[in-house]
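Overview (structure and organization)
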Amino acid sequence: MIDLIGFDADDTLWENEQYYTRAREEFRALIGTHLITGGRPEGAPADLDDLIEATERRNLRYYGFGVMSFVLSLIETAVEVTGGGINSGDIGRLLAIAKRMISAEVELFDQVEDILADLYGSWPLVLITKGDLLHQQAKVDRSGLSRYFAAIEVVADKTPEVYAAILQRQGVAPERFVMVGNSMRSDILPVVDLGGLGVYVPNAGTWVYENVDPPAEANGRILHARTLADVPEVIRGLGMER
Ligand SMILES: [Mg+2]
């Protein structure tokens with residue numbers, strides 16, 4: 001039996017990574033000019049994505065996840081690759097990208113509301129999302145989906161300990177919890193670690209950080225949905241209808 005279904009939000013219910021992809025493109029265009037005019041050909045624009053990625057991962061322990069962390073990493077990368085030559089106008093442009101990302105409309109994936117309404121009739125649902133508190137809360141508000149969730153949890157990271165604390169607050173044993181999400185690393189493996197189930201919904205745009213190969217012993221507790229629309233059927237296929 002399942003007593004509670006958890007949903008990830010970013011790139012599970014709505015678009016997210018595409019905003020980061022576009023910001024990286026703009027960063028390449030901006031910094032590429034500096035590399036040419038600044039005479040630093042060794043930092044070719046093609047390598048910039050790898051440099052940003054390395055800076056982001058290095059900074060997670062300081063800033064966590066989300067747009068603010070991302071833009072600080074862009075600025076740090078810009079300072080590095082231009083040898084300190086980035087000017088305040090361009091730093092202002094990077095900050096403007098962050099504000100645009102934070103203010104962007106929420107673009108729901110197809111049929112999200114129908115899928116949640118369907119499951120909501122059978123199980124309590126919780127939304128569990130990691131990132132900047134203010135931004136994540138604003139996206140939930142703009143999504144218009146909050147009424148489907150018994151609880152909305154914005155967390156700094158998605159570790160087994162964080163999931164355990166949420167389940168304790170909900171009074172639900174991990175074995176009776178299933179988590180739906182696009183990140184094997186953040187949505188599926190920590191829950192499987194606790195003894196719960198994961199429904200993995202792949203998304204082509206998922207940040208590479210979130211893609212990890214599950215260990216063989218986890219496979220029995222990971223269900224695969226081709227798309228979000230398949231999630232109700234996958235969960236009901238467990239024979240856990242109620
Ligand atoms: Mg996600």
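Everything here concerns the structure above.
First things first, this report covers the structure right here in the doc.

The rules we used
Residues numbered from 1 in each chain as written. Predicted model: local features only at pLDDT ≥ 70, side-chain atom pairs only at ≥ 80, totals over all residues. Heavy atoms only, no water. Core = buried A, V, L, I, M, F, W, Y, C linked by side-chain atoms within 4.5 Å. Buried < 20%, exposed > 50% of the residue type's maximum accessible area, 1.4 Å probe, protein only. Helix = DSSP H or I, 4+ residues; strand = E, 2+ residues; numbered from the N terminus. Contact = heavy atoms within 4.5 Å. Arc of directions from axis to C-beta. Pairing = 2+ DSSP bridges. Axes fitted to C-alpha atoms, helices over the stretch in contact; angles between N-to-C directions. Parallel < 35°, antiparallel > 145°, perpendicular 65-115°, else oblique. Nonpolar A, V, L, I, M, F, W, Y, C, P; charged D, E, K, R; others polar. Donors = N, O, S within 2.8 Å, 3.2 Å for Na, K, Ca; no water. Salt bridge = Lys/Arg side-chain N within 4 Å of Asp/Glu carboxyl O. Polar contact = N/O pair within 3.5 Å; in protein donor to acceptor, adjacent residues only side chain to side chain.

**Details of the nonpolar core**
- Ranked by internal contacts, the top residues of the largest apolar core, which has 30 residues, are Ile5, Phe7, Leu13, Leu116, Phe149, Val199 and Val231.
- Of all the elements in the fold, those that place two or more residues in this core are β1 (4-7), α5 (112-120), β2 (125-130), β4 (177-181), β5 (197-200) and α9 (231-236).
- With four residues, α5 is the largest single contributor of residues to this core.
- The contact partners of Phe149, leaving out residues within four places of it in the chain, are Phe7, Leu13, Leu116, Leu125, Val126 and Leu127.
- Ranked by size, the runner-up nonpolar core spans 21 residues in total, among them Phe27, Leu30, Phe70 and Ala104.

**Observations concerning helix α7 (residues 160-170)**
- Of all the positions in α7, only Tyr163, Ile166 and Leu167 are classed as buried. All buried residues of α7 project into a common sector of 95 degrees when viewed along the axis, lining one side. In α7, the exposed residues that point more than 90 degrees away from the buried face are Glu161, Gln168 and Arg169.
- Buried residues belonging to α7 abut β1, β2, β3 (151-155), β4 and α8 (184-194).
- Just downstream of α7 lies Gly171, where phi reads positive at about 65 degrees.

**Details of the pairing of β1**
- Burial along β1 is two-sided: the residues Leu4 and Gly6 and Ile5 and Phe7 are all buried.
- Summarising the sheet, β1 and β4 pair through four bridges and their orientation is parallel. Bridge assignment links Leu4 to a residue of β4, and that residue is Phe177.
- Across three bridges, the pairing between β1 and β2 is parallel. Looking at β2, one finds that Ile5 is bridged to Leu125.

**Focus: the packing of α7 against α8**
- Taken N-terminus to C-terminus, the directions of α7 and α8 make an angle of 70 degrees; their axes are 9 Å apart at the nearest point. When the interaxial angle is binned, α7 and α8 end up roughly perpendicular. Where α7 abuts α8, its residues Pro160, Tyr163, Ala164 and Leu167 lie against Ser186, Asp187, Pro190, Val191, Asp193 and Leu194.
- For the contact of α7 with α8, a count of residues per class yields seven nonpolar, one polar and two charged.

**What about the coordination of the magnesium ion?**
- For the magnesium ion, the full set of protein donor atoms is Asp8 (OD), Asp10 (O) and Asn182 (OD1), at a range of 2.1 to 2.2 Å.
- Site description for the magnesium ion: donor spacing in sequence, D-x1-D-x171-N.
- A relative accessible area of 5% places Asp8 in the buried class.

**A closer look at the pattern of salt bridges**
- Taken as a whole and assessed by the stated rule, the structure comprises 17 salt bridges.
- The shortest N-O distance in the salt bridge between Asp3 and Arg176 comes to 2.4 Å. In this pair, Asp3 is assigned in the segment before β1 and Arg176 in the loop between α7 and β4, connecting sequence segments 173 residues apart.
- A residue is classified by how much of its surface remains accessible, and Arg176, at 33% relative accessible area, is partly exposed.
- Lys130 is paired through a salt bridge with Glu210; the nearest N and O atoms lie 2.5 Å apart. In this pair, Lys130 sits in strand β2 while Glu210 sits in the loop between β5 and β6 (222-224), placing the two residues 80 residues apart along the sequence. Like Lys130, the residue Glu210 is buried in the burial classification.
- Through salt bridges that share partners, Asp8, Lys158 and Asp187 make up one connected network.

**Description of the side chain of Ser73**
- For Ser73, the position within the fold is in helix α3 (residues 67-81).
- What makes Ser73 buried here is its relative accessible area of 0%.
- At 3.0 Å, the side chain of Ser73 forms a polar contact with the side chain of Asn59.
- Residues in contact with Ser73, not counting those within four places in the same chain, are Thr55, Glu56 and Asn59.

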